[in-house]
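# Chains, contacts and geometry: an overview
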Amino acid sequence: MLVEDELADARLVTLALNENRIDASVQHLLDGREALEYLRRQGERFATAVCPDLILVDLNMPRMDGREFLVSIKQDAALCAIPVVVLSTSEVDRDVRDVYRLGAAGYIAKPLDVAKFIIEIRQLADYWMSLVKLPERR
């Protein structure tokens, strides 16, 4: 799952996945509130939502930002085991510390260099899709 309000950044993640030939079904949601509705299968739109293996979330979004999303998901017994990795342009140490304190599984500062970002997404996928053992989907 990708929770990202900037369409250009969402397209960049999709490009990086395609460039790296990563076979992943990505559900793109625009903010934390919409992502929680999806995860909780609220409303007709999300009635058949599939629980993701990994959530990539932007830090700064309207309505519900990445910090608020982390608080909500980590307090929900049905969702708290899903790893959440923050993707942000911020490299401020306070932001990094805050999201780890809130339960983030990782923090990636989005580089300005597209080629470097593509490499980072490959490394992220290698780690989360090949190396670590994730809980079985509900």
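Calculation notes
Residues numbered from 1 in each chain as written. Predicted model: local features only at pLDDT ≥ 70, side-chain atom pairs only at ≥ 80, totals over all residues. Heavy atoms only, no water. Helix = DSSP H or I, 4+ residues; strand = E, 2+ residues; numbered from the N terminus. Rg over C-alpha atoms; globule rule 2.2 N^0.38 Å. Buried < 20%, exposed > 50% of the residue type's maximum accessible area, 1.4 Å probe, protein only. Contact = heavy atoms within 4.5 Å. Areas by Shrake-Rupley, 256 points an atom, 1.4 Å probe, with all protein chains shown as cover. Pairing = 2+ DSSP bridges. Axes fitted to C-alpha atoms, helices over the stretch in contact; angles between N-to-C directions. Polar contact = N/O pair within 3.5 Å; in protein donor to acceptor, adjacent residues only side chain to side chain.

### Digging into the overall build of the protein
Secondary structure summary: the protein contains five helices and five strands in total. Listed N to C, the secondary structure of the protein is β-α-β-α-β-α-β-α-β-α in terms of helices and strands. Taken over the C-alpha trace, the protein has a radius of gyration of 14 Å; the compact-globule value for 138 residues is 14 Å, and the two agree within 12%. The 138 residues of the protein split such that 48% are buried. The long-range fraction of contacts in the protein, counting pairs at least 24 apart against all pairs at least 6 apart in sequence, stands at 63%. Summed over all atoms, the accessible surface of the protein reaches about 7,900 Å², with 50% contributed by carbon and sulfur.

### Focus on the sheet that holds strand 1 (residues 2–3)
Pairing is parallel in the open sheet, where five strands are placed in the order 2-1-3-4-5. Two strands close off the open sheet at either side, each with one partner strand: strand 2 (28–29) and strand 5 (106–109). Each of strand 4 (84–88) and strand 5 touches helix 4 (residues 93–101); the most contacted strand, strand 5, lies at about 155 degrees to it.

### Section: the pairing of strand 3 (residues 55–58)
What you see with strand 3 is no split at all: Ile55 and Val57 on one side and Leu56 and Asp58 on the other are buried throughout. Note that strand 1 and strand 3 share two bridges and pair parallel. Counted as the bridge partner of Val3 is Val57 from strand 3. As paired elements, strand 3 and strand 4 share four bridges and run parallel to each other. Paired with Asp58 across the two strands is Leu87, which belongs to strand 4.

### Here we look at the side chain of Glu4
Tracing the backbone shows Glu4 in the loop between strand 1 and helix 1 (7–19). Those residues in contact with Glu4, other than ones at most four positions away along the chain, are Asp9, Ala10, His28, Leu29, Leu30, Asp58, Met61 and Lys110.

### Focus on the side chain of Glu34
By secondary structure assignment, the location of Glu34 is in helix 2 (residues 32–39). From its side chain, Glu34 meets the backbone nitrogen of Leu30 in a polar contact 2.6 Å long. Polar side-chain contacts of Glu34 include one of 2.7 Å to the side chain of Arg45. Not counting chain neighbours up to four residues away, the residues in contact with Glu34 comprise Leu29, Arg45, Phe46 and Arg63.

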